[in-house]
Amino acid sequence: MLNKLKKQLHQIPVSGIRAFNEEAAAVPDCISLTLGEPAFDTPKDIKKALKQALDHNHTHYAAAMGDLDLRRKIAVYEWKNHHLLYDADEIMVCAGAADALSTALAALIDPGDEIIVPTPAYPQYEAIIKLEGGRFIPLNTQDHEFQISREELERVFSDKTKAILLNSPNNPSGCIYDQASLTLIHDFVKDKQIFVLCDDVYDRLVYDDSYNSFMQFQDLRSQLLAVKSFSKPYAMTGWRLGYLLADKKILAEIMKIHQYRFSCVNTFVQKAGIKALEIDPTEMLTVYKKHRDLAVGRLREMGLPINQPAGAFYVFPNIEEFGMDSVSFCKQMLHEARVACVPGSYFHAEGYIRISTCGSTRQLIEGLNRIEAFIYELRKNDRQL
Ligand SMILES: Cc1ncc(COP(=O)(O)O)c(C=O)c1O
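On a predicted model such as this, the values are computed, not experimentally measured, just so you know.

**Q** Describe the domain arrangement of the protein chain, and please don't skip the residues or the numbers.
**A** Each assigned domain of the protein chain is listed here: domain 1 (2-41 + 281-380) and domain 2 (44-276). Here domain 1 and domain 2 have C-alpha centroids that lie 24 Å from each other. Facing 31 residues of domain 1, the contacting portion of domain 2 comprises 34 residues. Both faces considered, domain 1 and domain 2 share a buried interface measuring about 2900 Å² in area, 64% of it formed by carbon and sulfur atoms. If you look at where domain 1 meets domain 2, you find zero salt bridges.

**Q** Account for the site of the ligand, with residues named and values stated.
**A** Around the ligand, 15 residues are found, and the nearest of them are Ala97, Asp199, Tyr202, Ser229 and Arg240. With respect to the ligand, the backbone of Ala98 contributes an N or O atom lying 2.9 Å from an oxygen atom. Protein burial of the ligand: of its 400 Å² of free accessible surface, 93% is covered by the chains. More than half of the atoms of the ligand fall within 2 Å of the grid points belonging to the largest pocket. It is helix α4 (residues 96-108) that contributes the most residues to the shell around the ligand, four residues altogether.

**Q** Please set out a negative patch on the surface residue by residue, giving values where relevant.
**A** On the surface, Asp143, Glu320, Asp325 and Glu350 cluster together into a patch of negative charge. With respect to the secondary-structure elements, Glu320 resides in the loop between β9 (314-315) and α11 (326-337).

**Q** Describe in detail helix α2 (residues 44-55), supporting the description with residues and values.
**A** Look at α2: 17 Å from first C-alpha to last across twelve residues, which is about the 16 Å you get at 1.5 Å a residue. Along α2, the positions that sit buried rather than exposed are Ile46, Ala49, Leu50 and Ala53. Looking down the long axis of α2, one finds its buried residues gathered within 100° of arc, a one-sided arrangement. In α2, the exposed residues that point more than 90 degrees away from the buried face are Lys44, Lys48, Lys51 and Asp55. Taken from the residues just after α2, Asn57 is the one with a positive phi, measuring 60°.

**Q** Describe the sheet that holds strand β3 (residues 114-119), and please don't skip the residues or the numbers.
**A** Taken together, seven strands build an open sheet; the order of strands is β2-β8-β7-β6-β5-β3-β4 and the sheet is mixed. The sheet is open, and its two borders are formed by β2 (91-94) and β4 (135-140), each paired with just one other strand. Strand after strand, the sheet turns through a mean of 20° between neighbouring axes, direction not considered. Along the sheet, helix α3 (residues 68-82) makes contact with β2, β7 (224-229) and β8 (242-246), crossing β2 at roughly 110°. The sheet contacts of helix α8 (residues 248-262) involve β2, β6 (195-199), β7 and β8, and relative to β2 the element is tilted by about 25°.

**Q** So what's going on with empty space enclosed by the protein? Which residues, and what values?
**A** Sizing a probe to match a water molecule and rolling it over the atoms shows the empty space that remains. All chains considered together, the criterion is met by two cavities of 30 Å³ or more. Taken as a whole, the largest cavity encloses approximately 80 Å³ of empty space. The wall of the largest cavity is formed by 13 residues, among which Tyr77, Asp203, Lys228, Ser229 and Tyr243 lie closest to the centre. Sorting the residues of the lining of the largest cavity by element identifies α3 and β7 as the ones contributing at least two each. In the lining of the largest cavity, the residues fall into seven nonpolar, one polar and five charged. The computed volume of the second largest cavity comes to approximately 30 Å³. Residue classes in the lining of the second largest cavity are distributed as five nonpolar, three polar and one charged.

**Q** So what's going on with the packing of aromatic side chains? Residues and values would help.
**A** In total, this model carries 16 aromatic pairs according to the counting rule given. Measuring from centroid to centroid gives 5.8 Å for Phe40 and Tyr288, while their planes differ by 80°, and the two rings are edge-to-face. In this pair, Phe40 is assigned in the loop between β1 (31-32) and α2 and Tyr288 in helix α10 (residues 282-301), connecting sequence segments 248 residues apart. Measuring from centroid to centroid gives 5.7 Å for Tyr202 and Phe313, while their planes differ by 80°, and the two rings are edge-to-face. Placement of Tyr202 in the loop between β6 and β7 and of Phe313 in the loop between α10 and β9 is noted, with a sequence separation of 111 residues between them. In this structure, Tyr202 and Phe313 share a single accessibility class: buried.

**Q** Can you tell me about unusual backbone geometry, naming the residues and giving the values?
**A** Residue Pro120 is bonded to the preceding Thr119 through a cis peptide linkage, with omega at 10°. The omega torsion across Ser168 and Pro169 is -5°, close enough to zero to call that bond cis. Although it is not a glycine, Glu145 adopts a positive phi angle of roughly 50°. Residue classification places Glu145 among the exposed positions, given a relative accessible area of 62%.

**Q** Quick one: what's the story with helix α12 (residues 361-384), residue by residue and with numbers?
**A** Over its 24 residues, α12 extends 35 Å from the first C-alpha to the last, a length consistent with the 34 Å expected when each residue adds 1.5 Å. Looking at the buried residues of α12, the elements they touch are β1, α10, α11, β10 (339-340) and β12 (353-356).

**Q** Lay out the sheet that holds β9 with the relevant residues and their values.
**A** Taken in spatial order, the three strands of this open sheet run β9-β12-β11, and their pairing is antiparallel. Each edge of the open sheet is held by one strand with a lone partner, namely β9 and β11 (342-343).

Rules and cut-offs
- Residues numbered from 1 in each chain as written.
- Predicted model: local features only at pLDDT ≥ 70, side-chain atom pairs only at ≥ 80, totals over all residues.
- Heavy atoms only, no water.
- Domains from an automatic or database assignment.
- Contact = heavy atoms within 4.5 Å.
- Buried area = accessible area lost by both parts, 1.4 Å probe.
- Salt bridge = Lys/Arg side-chain N within 4 Å of Asp/Glu carboxyl O.
- Near = heavy atom within 4 Å.
- Polar contact = N/O pair within 3.5 Å; in protein donor to acceptor, adjacent residues only side chain to side chain.
- Areas by Shrake-Rupley, 256 points an atom, 1.4 Å probe, with all protein chains shown as cover.
- 1 Å grid on protein atoms, 1.4 Å probe; cavity = no way out; pocket = protein on both sides within 12 Å on 5 of 7 lines; lining within 4 Å.
- Sits in = over half its atoms within 2 Å of the grid points.
- Helix = DSSP H or I, 4+ residues; strand = E, 2+ residues; numbered from the N terminus.
- Patch = residues over 30% accessible without salt bridge, like charges linked within 9 Å, V, L, I, M, F, W, Y side chains within 5 Å.
- Lys, Arg positive; Asp, Glu negative; His and termini not counted.
- Charge placed at Lys NZ, Arg CZ, Asp CG, Glu CD.
- Expected span 1.5 Å × (residues − 1).
- Buried < 20%, exposed > 50% of the residue type's maximum accessible area, 1.4 Å probe, protein only.
- Arc of directions from axis to C-beta.
- Pairing = 2+ DSSP bridges.
- Axes fitted to C-alpha atoms, helices over the stretch in contact; angles between N-to-C directions.
- Points joined across faces, edges and corners; volume = space filled by probe spheres on them.
- Nonpolar A, V, L, I, M, F, W, Y, C, P; charged D, E, K, R; others polar.
- Phe/Tyr/Trp six-rings, centres within 6.5 Å; stacked < 30°, edge-to-face > 60°.

Here it is in C-alpha cells:
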C-alpha cells in the first residue's frame, strides 16, 4: 500500500539534521554541535506561569486564533520591539514556527506554484513546499556574500512565482539581509502579486544594530506574512509556541486551515507565553555572542574562511579546501574526531558545514579543539600524498 500514499511524500527525505544527530548519538563520547537547541533551561518564571495556568484550569479549548490575552500581549510586544503595528486579530498563535510555516505555505500554494527561497536555507522549507505540491526554487546567495543579487532574483522569477521566503537572521549562515538586499526585493515585488513570507524566528538574537526585517515595508502589508517563535529567544523549544502575523483579511482565511487541522494550541502553554514576553533575553544573547566570537576566532585561526554571523547561533565555515563534499567531511569527522556538525548540503550549500554554538561553552570549546585536530590531520595527510 506504500505507493498509495500521497505522491509528494516519496519526494521528501526524513530530516537530514535529525538523522545525522541520531548517527552522532551512537558514537561514544561524541560532542554534538548539530541542533539549534539552547543549553539554557526555560526561565523559571515562565515555568511558574505554566503551573499556575494548570492550577487555574486553563485546560480547555482555546480559540483557533489563539488566546486573546496572549495575542494582545504579542501586539504590544511587536510594536515595542519591532515597530510593527499588528492587532490581535492579525496574530495567530501556532505550535511553534514549524506550524506557522506549514500553515502559511499550505494557504499560499496551489499545485505547481513556485516559492523562491534564498539558499542556504532551513530544510523544512523545501519539504513543506513539496508536500503542498509546490516547487522549491533556490536562489543562490553564497556566491554573493549571502546577500540577494538582482541577476539571481530575475533569473529564478517566473509567472508561477507565488512567494519569496526570507529568513534573516539566517539559519544556517547567521547572516542578515542588508538594506540593499531588502530594498531590491521590495522594488521587485511591489508591483507584482507575490507574497513575502518572513521567517523571523531569530529576530531577537541579533548582534548587529543594522538588522531590519523585510516586515519594515508596511506599504506592502497585504503581501506580507511573518513567522515568529518562542523557541530560541526564551529556550522554549519543547513548548511548541510561535505565531503568524498577517493582514486581517489574509489571516482570517489562513486561520481556517489551522482551525480544521489543529483546533488550537495548548491553552496553558499560551498562558505561560504571556509571561515569556516579559522576559528580557539579553543574558542568553550575551552568552551566544561570546560563543559566536569564540567560534569565529578559533575557526579563522584554523584558516577556514568564515563570515561573521550577525544573528542566530550558528557559524558556517567553508570547507572546500579539503576537496570533499560536506556529507563525507562531516561523516569522517564524526567517526575520526568524534565531533558532529551538519553538512552544508542539507541547506543547499555544498562546501560548508554548520556548527551550532548554542550548547554549553565547555562543549563548544572541546568541539572546536576536535575540529582543529581533525583538519590538521587532513592537511597533513594531503601534504604527504
Ligand atoms: C529558520 C527556522 N525557522 C523555523 C524553525 C522552527 O522553530 P520552532 O521551534 O518555533 O518550530 C527553526 C528551528 O530551528 C529555524 O531555524
